[in-house]
Amino acid sequence: MQGRLFVWLALLFGGAACAAPGDTLHVGSKRFTESYILGEVLTQTAAPHAKVEHLQGMGNTAIVLAALQAGRIDVYPEYLGTIDLEILKHAQAAPLEQIRRELAAMGLGVAVPLGFNNTYALAVRGGADGPAKLSELAALPALRFGLSHEFIGRADGWPGLSKRYGLPQRPEGLDHGIAYEALMQRQVDVIDIYSTDAKIRQYGLRVLDDDRAYFPRYDAMLLYRLDTPARFPAAWKAIAQLEGRIGATDMIAMNAAAEIDGQSFANVARGWLAAHQPQAAGAGKAVQAPLVRDGLLAKIFDKNLWPLTRQHLTLVLAAVLLACVVGIPLGVLAAEFPRLRQVVLGLTGVLQTVPSLALLALLIPLLGMIGTVPALAALVVYALLPIVRNTCTGLLQVPAGLRLAAQALGLRPMQRLIHIELPLALPVILAGVKTAAVMSVGTATIAAFIGAGGYGERITIGLALNDNDMLLAGAIPAALLALLTQAAFELLERLASRAPSQRV
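A few points on the structure. (Residues numbered from 1 in each chain as written. Predicted model: local features only at pLDDT ≥ 70, side-chain atom pairs only at ≥ 80, totals over all residues. Heavy atoms only, no water.)

Observations concerning empty space enclosed by the protein
- Inspection of the entire model under this criterion finds 2 cavities of 30 Å³ or more.
- Reported here for the largest cavity is a volume of approximately 100 Å³.
- Looking at the largest cavity, the residues that line it are Lys30, Phe32, Glu78, Tyr79, Thr82, Asn118, Thr119, Tyr120, Glu150, Arg154, Tyr194 and Tyr218.
- Residue composition of the lining of the largest cavity, by class: 5 nonpolar, 3 polar and 4 charged.
- Considering only enclosed or pocket space, the second largest cavity measures out at about 40 Å³ in volume.
- If you trace the second largest cavity, you find it lined by Phe32, Thr33, Glu34, His176, Tyr194, Asp197, Asn255 and Glu259.
- Each residue belonging to the lining of the second largest cavity can be placed in one class, and the counts come to 2 nonpolar, 3 polar and 3 charged. (1 Å grid on protein atoms, 1.4 Å probe; cavity = no way out; pocket = protein on both sides within 12 Å on 5 of 7 lines; lining within 4 Å. Points joined across faces, edges and corners; volume = space filled by probe spheres on them. Nonpolar A, V, L, I, M, F, W, Y, C, P; charged D, E, K, R; others polar.)

Here it is, written out as structure tokens:
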């Protein structure tokens, strides 16, 4: 079913992928450290040969795969086990030739094994006591499991694992970026990890033995659109030279450089590429890039500040404008027709209660795309309630005597609405628009989870790295933008409140 959905998504707007020669090679990545780094390695490797853009931290497997099939990205790093069991939905490991045949039917290919296996595993705190094998967990029902949301839902994750080992525990969803700290603070007892995570060694964790051989191999490879090598021949030739060159030691070292030493993903990739040129013999050397730890101010005022601000402002302004176009007429209807009032206000109120990420997950297949459009649709939904409610309230507060006077002067209902009622209700309507705009500034940070940009990009990176400075580098500009938005609307409200009295 999911495979059919992805094909449907690709058919809806896959024409975007039929780009002319010389267009941009789009590299994607998921929302965890290793994927960010590998995306940067691909981007920097291809950059001398083509125009390249890295759409980083796009989300989980379903979102990135939908983007690939839709032509929003051309290639991203993936793992063979994920392709086999999660994407193609095989009940057990299939031969690579079969995987390639089935992917080709979807317009995709898999190639360039990078040289390391990053399998899933479960880990506990180190020490003399505690389990050493996964099979021992069944006899310890009191253990608290904190597992990543994707692992909980994956076919090759918790559902199959709990069945294979007969595990009675009920896991709680926990972002991978903060799982290690939660484990060390004893808030949880068991977490899911990737075998190349640098923090395994840093925290001295015990990786539980998969004694019933549940997890397949997760060899890192590239999942790509079949037309990519022909569209970008020189860049693809350079990327193909990465085959077998990134060993597990390399990947652990690169993850450590980002998560422990605080280096940016771009610097980590640049350091590895500088130390492992094609003529270099073999892989397996640690990253030699110098340690550069940026502070909070450097992260706030980096080169991406203006592009992210522009993206964030565009989302907010477009969402508020569209919400006004939809919400003000709905508010007018609610005010004019009492029988519709509860229906309109109730419906917009219910939409407001839908969790943001859940709404995005629903909108992606509904609209057939990721990025700006579903993010904008979600923001419009959340901005509707204050605009509809305040429009209705403002119109109901117009004195009945003025309505009667307008009727006595022979004004038609539409003339009365435009020239009398809406101007008098304008201060209340603007207050609702202000509330919607301020809320949208904060809510727009979710756009980064589906590749729409904005300050949320920094927040997603901060979550992946458990980097408080990076989180603040996204949260502080968003808070300042919200304050500026509120101040601008308060000025408009003052001007609007004076206007009716001046007319009278």
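Remarks on the nonpolar core
- In terms of nonpolar packing, the biggest core is built from 56 residues, with Leu114, Leu122, Leu161 and Ile246 touching the most fellow members.
- When near neighbours in sequence (up to four residues on either side) are disregarded, Leu161 contacts Leu122, Leu134, Phe151, Leu167, Tyr214 and Phe215.
- Counting residues in hydrophobic clusters, the runner-up holds 36 residues, among them Ala323, Leu417, Ala425 and Ile429. (Core = buried A, V, L, I, M, F, W, Y, C linked by side-chain atoms within 4.5 Å. Buried < 20%, exposed > 50% of the residue type's maximum accessible area, 1.4 Å probe, protein only. Contact = heavy atoms within 4.5 Å.)

A look at the pairing of strand S3 (residues 75-79)
- Most of S3 sits inside the fold, with 5 of its 5 residues counted as buried.
- Taken together, the 5 bridges between S3 and strand S10 (residues 220-225) define a ladder with antiparallel strand orientation. Looking at S10, one finds that Glu78 is bridged to Met221. (Helix = DSSP H or I, 4+ residues; strand = E, 2+ residues; numbered from the N terminus. Pairing = 2+ DSSP bridges.)

Remarks on the packing of helix H15 (residues 305-336) against helix H20 (residues 413-443)
- Interaxial distance between H15 and H20 falls to 10 Å at its minimum, and their mutual angle equals 140°. Comparing the axis directions of H15 and H20 gives the class oblique. Read as a crossing pair, H15 and H20 show a hand that is right-handed. Residues His312, Val316, Val320, Cys324, Ile328, Val332 and Glu336 of H15 pack against Leu417, Glu421, Ile429, Val433, Ala436, Ala437, Ser440 and Val441 of H20.
- Taken together, the residues of the contact of H15 with H20 break down into 11 nonpolar, 2 polar and 2 charged. (Axes fitted to C-alpha atoms, helices over the stretch in contact; angles between N-to-C directions. Parallel < 35°, antiparallel > 145°, perpendicular 65-115°, else oblique. Left-handed = near helix turned anticlockwise from the far one by under 90°.)

Some words on the sheet that holds strand S6 (residues 145-147)
- Taken together, 5 strands build an open sheet; the order of strands is S7-S6-S8-S5-S9 and the sheet is mixed. Edge positions in the sheet fall to strand S7 (172-173) and strand S9 (206-207), since each of these pairs with one other strand and no more.
- With 2 bridges connecting them, S6 and strand S8 (residues 190-194) associate as parallel partners. Following the sheet pairing, Gly146 is matched in S8 by Ile191.
- Against the sheet, helix H8 (residues 176-184) engages strand S5 (120-124) and S8, with an angle of about 135° to S8.

Some points on unusual backbone geometry
- In the Ramachandran plot, Val112 falls in the positive-phi region, its phi being about 55° despite a non-glycine side chain.
- For Val112, a relative accessible area of 5% translates into the label buried.
- At Ala213, a position not held by glycine, the phi torsion is positive, near 50°.
- Secondary-structure assignment places Ala213 in the loop between S9 and S10.

Some points on the packing of H15 against helix H18 (residues 372-396)
- Running from amino to carboxyl end, H15 crosses H18 at an angle of 40°, the nearest separation of the two axes being 6 Å. By the angle between their directions, the pair H15 and H18 is classed as oblique. Both H15 and H18 take part in a crossing whose hand is right-handed.
- Taken together, the residues of the contact of H15 with H18 break down into 24 nonpolar, 4 polar and no charged.

Quick word on the pattern of salt bridges
- Inspection of the entire model under this criterion finds 14 salt bridges.
- One salt bridge connects Arg31 with Asp175, and the closest N-O pair in it is separated by 3.1 Å. Placement of the pair is Arg31 in the loop between strand S1 (24-28) and helix H2 (33-46) and Asp175 in the loop between S7 and H8, with a sequence separation of 144 residues.
- For Arg31, a relative accessible area of 25% translates into the label partly exposed.
- Residue classification places Asp175 among the buried positions, given a relative accessible area of 17%.
- Within the structure, one salt-bridge network assembled from shared partners comprises Asp23, Asp74, Arg225, Asp227 and Arg231. (Salt bridge = Lys/Arg side-chain N within 4 Å of Asp/Glu carboxyl O.)

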